[in-house]
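Residue-level structural notes
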Amino acid sequence: MTHSPAAIRVAVVGATGYAGAELVRYLARHSNVRLVAVTSEQSAGRDLADVLPSVRGKLALQLEAFDPSAIIAKADVAFTALPQGTSAVGVAALVDGGCRVIDIGADFRFRDPEEYARVYVPHPVPRLLSEAVYGLTEYFRAALPMARLVANPGCYPTSALLGLLPLFERRLIEVDGIVIDAKSGVTGAGRTVSSEYLFAEVDDNLRAYKIGQHRHAPEIEQQLRPLIGGGHAVTFVPHLLPIRRGILTTMYVKPRSGVGITDIGEAYRARYAEERFIVLSGNRPPEIRDVIGTNDCAIGWALDARSGCAVIVSVIDNLGKGAAGQAIQNFNVMMGLPETKGLDHLAVVP
């Protein structure tokens with residue numbers, strides 16, 4: 001890849017996790033980016049190619065421990081891809097030092113410190129929560145150019161919100177009784193060592209988990225609140241699929257009186273007409289394989305005439321639109337670049 005002389009200097013903090021590795025993959029082919037630093041606490045001192053062999057002969061970088069002052073000296077923008085609870089203090093140091101940050105982790109997704117504490121633990125740098133821009137690009141694009149800190153949404157919330165928000169904007173569906181049934185590949189859990197993610201536990205199996213307890217339900221509700229008000233909860237049930245990547249979210253909603261499936265389709269077409277990364281499939285339910293390796297979100301819809309429910313199906317690649325892809329989409333808007341830069345490619349088939 002040939003980079004322009006004015007390439008933006010970029011660091012990836014946590015470059016060897018699944019989301020971090022996907023960031024490296026996208027950034028390596030971004031012509032306006034010069035990747036100047038990659039970090040890994042466990043592999044500091046090793047060549048990146050020794051941990052991610054796919055970069056051999058393409059990127060000559062050595063992994064280092066995360067030192068905010070060292071990143072500030074090298075980079076204009078840092079992508080942080082660390083587990084929940086481990087990035088907040090380092091991110092604050094980066095922002096205070098003048099480095100713009102796009103955080104893929106969960107540490108800055110909640111605006112209210114009390115709500116963050118209810119979902120996680122007390123926040124170590126609550127002063128930045130109200131400043132962080134929630135990085136659902138299609139809805140917060142206008143705030144990105146001036147942002148010092150962007151909080152990339154969770155993968156499940158990205159899939160659900162892109163399917164629900166157009167309907168609430170036009171007041172087409174009831175605010176209560178929303179069911180979000182979401183199924184994710186195992187990379188959604190990160191590159192972690194745990195018995196529940198062993199091949200023998202996951203393969204040829206499907207299971208629901210954290211029913212009524214998953215941290216992404218309050219995140220979804222936070223973003224819906226301006227449209228539906230407080231006091232309304234969604235039923236969110238995540239499931240673990242025996243596949244590597246991808247999320248399929250099926251949402252069951254009740255149309256308001258007089259609302260038909262044509263109105264629902266029109267809402268999506270009007271809201272997303274100019275959005276390159278939203279693919280509308282109409283009455284053909286989208287499939288995970290439609291979006292693998294891309295930054296796309298594919299959305300389909302249908303009406304169950306017997307129950308009167310509208311069924312919305314939204315699919316994303318959890319490492320693409322659910323993490324690295326959306327982070328780079330946000331980066332492009334922040335830096336005044338074409339939004340599709342480094343992202344405009346087709347799904348991997350098969």
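Residues numbered from 1 in each chain as written. Predicted model: local features only at pLDDT ≥ 70, side-chain atom pairs only at ≥ 80, totals over all residues. Heavy atoms only, no water.

1. Things to note about helix 11 (residues 320-334)
Short version of the rule: The secondary structure listing takes helices from DSSP runs of H or I that are at least 4 residues long and strands from runs of E that are at least 2 residues long, numbered from the N terminus. Each helix should span, by expectation, one fewer than its residue count multiplied by 1.5 Å. Axes are fitted to the seven residues ending at a residue and to the seven starting at it; the angle between these axes is taken as the bend at that residue. Buried residues are those whose accessible area, probed at 1.4 Å on protein chains only, stays under 20% of the maximum for their type, while exposed residues exceed 50% and partly exposed ones sit between those limits.
Over its 15 residues, helix 11 extends only 18 Å from the first C-alpha to the last, a length that falls short of the 21 Å expected when each residue adds 1.5 Å. If you look at helix 11, its biggest bend is around 45°, right at glutamine 326. With 15 of 15 residues buried, helix 11 lies mostly within the body of the structure. Two residues or fewer past helix 11, glycine 336 is found with a positive phi of approximately 75°.

2. Topic: helix 7 (residues 155-169)
Taking 1.5 Å per residue as the helical rise, helix 7 with its 15 residues ought to reach 21 Å, and the 21 Å between its terminal C-alpha atoms agrees with that figure. In helix 7, a bend of some 35° at leucine 161 exceeds every other bend along the element.

3. So, the environment of glutamine 84
What counts is decided by this rule: When checking whether two residues touch, look at their non-hydrogen atoms; a contact exists if any pair is within 4.5 Å. Residues adjacent in sequence count toward polar contacts only when both atoms are side-chain atoms; beyond that, a polar contact is any pair of N or O atoms within 3.5 Å, and within protein one must be able to donate a hydrogen and the other to accept it.
Here glutamine 84 shows up in the loop between strand 4 (77-80) and helix 4 (88-96). Separated by 21 residues in sequence, glutamine 84 and glycine 105 place their C-alpha atoms 5.7 Å apart. Sequence-distant contacts of glutamine 84, that is, excluding residues within four places in its chain, are made with Ala106, Asp107, Tyr116, Tyr120 and Arg215. A polar contact of 3.1 Å, which involves the side chain of glutamine 84, links it to the side chain of tyrosine 116.

4. So, the sheet that holds strand 9 (residues 207-208)
Where strands meet in a sheet, backbone hydrogen bonds hold them as pairs that are either parallel or antiparallel. The condition that has to hold: The pairing criterion for strands is at least two bridges between them, as found by DSSP. Axis definition: a line fit to C-alpha positions, over the contact stretch in the case of helices; interaxial angles, taken between N-to-C directions, run 0 to 180 degrees.
In spatial order, the strands read 9-10-8-11-14-13-12; together these seven strands make up an open sheet with mixed pairing. In this open sheet, the two edge strands, each paired with only one partner strand, are strand 9 and strand 12 (278-282). Judged from the six bridges that link them, strand 8 (residues 179-184) and strand 10 (residues 235-240) form a sheet pairing that is parallel. Counterpart to valine 179 in the pairing with strand 10 is threonine 235. Docked against the sheet, helix 7 engages strand 8, strand 10, strand 11 (247-253), strand 12, strand 13 (297-304) and strand 14 (309-316), running at close to 35° with respect to strand 11.

5. What to know about the sheet that holds strand 3 (residues 63-64)
The seven strands are arranged 3-2-1-4-5-7-6 in an open sheet whose pairing can be described as parallel. Each of the sheet's edge strands pairs with one partner strand only, and the pair in question is strand 3 and strand 6 (133-134). Bridge count for strand 1 (residues 8-13) against strand 2 (residues 33-39) is six bridges, and the pairing is parallel. What sits directly across from isoleucine 8, in strand 2, is valine 33. Sheet strands in contact with helix 4 are strand 4, strand 5 (100-103) and strand 7 (149-151), and its direction is about 155° off that of strand 5.

6. Brief notes about the layout of surface pockets
Using the following cut-off: Only protein atoms enter the 1 Å grid, on which a cavity is a set of points fitting a 1.4 Å probe that cannot get out and a pocket is an open set with protein on both sides within 12 Å along at least 5 of 7 lines, lining residues being those with an atom within 4 Å of a point. Grid points are joined across faces, edges and corners, and a volume is the space filled by probe spheres set on the points. Polar here means any residue other than Ala, Val, Leu, Ile, Met, Phe, Trp, Tyr, Cys and Pro, which are nonpolar, and Asp, Glu, Lys and Arg, which are charged; Gly is therefore polar.
Size it by volume and the second largest pocket reaches roughly 960 Å³. For the second largest pocket, the lining is made up of 39 residues, of which Ala21, Glu22, Arg25, Arg245 and Leu319 are closest to its centre. Elements represented by at least two residues in the lining of the second largest pocket include exactly helix 1 (18-27) and strand 2. Among the elements that line the lining of the second largest pocket, the one with the most residues is helix 1, at six residues. For the lining of the second largest pocket, the class distribution of residues is 22 nonpolar, nine polar and eight charged.

7. Side note on unusual backbone geometry
Put simply, valine 349 and proline 350 share a cis peptide bond, and its omega is 0°. Along the chain, proline 350 falls in the segment after helix 11. A positive phi angle, close to 60°, is found at aspartate 204, a residue other than glycine. Tracing the backbone shows aspartate 204 in the loop between helix 8 (199-202) and strand 9. For aspartate 204, a relative accessible area of 73% corresponds to the exposed category. If you check the backbone angles, lysine 210 has positive phi at about 50° while not being a glycine. Note on placement: lysine 210 falls in the loop between strand 9 and helix 9 (216-228).

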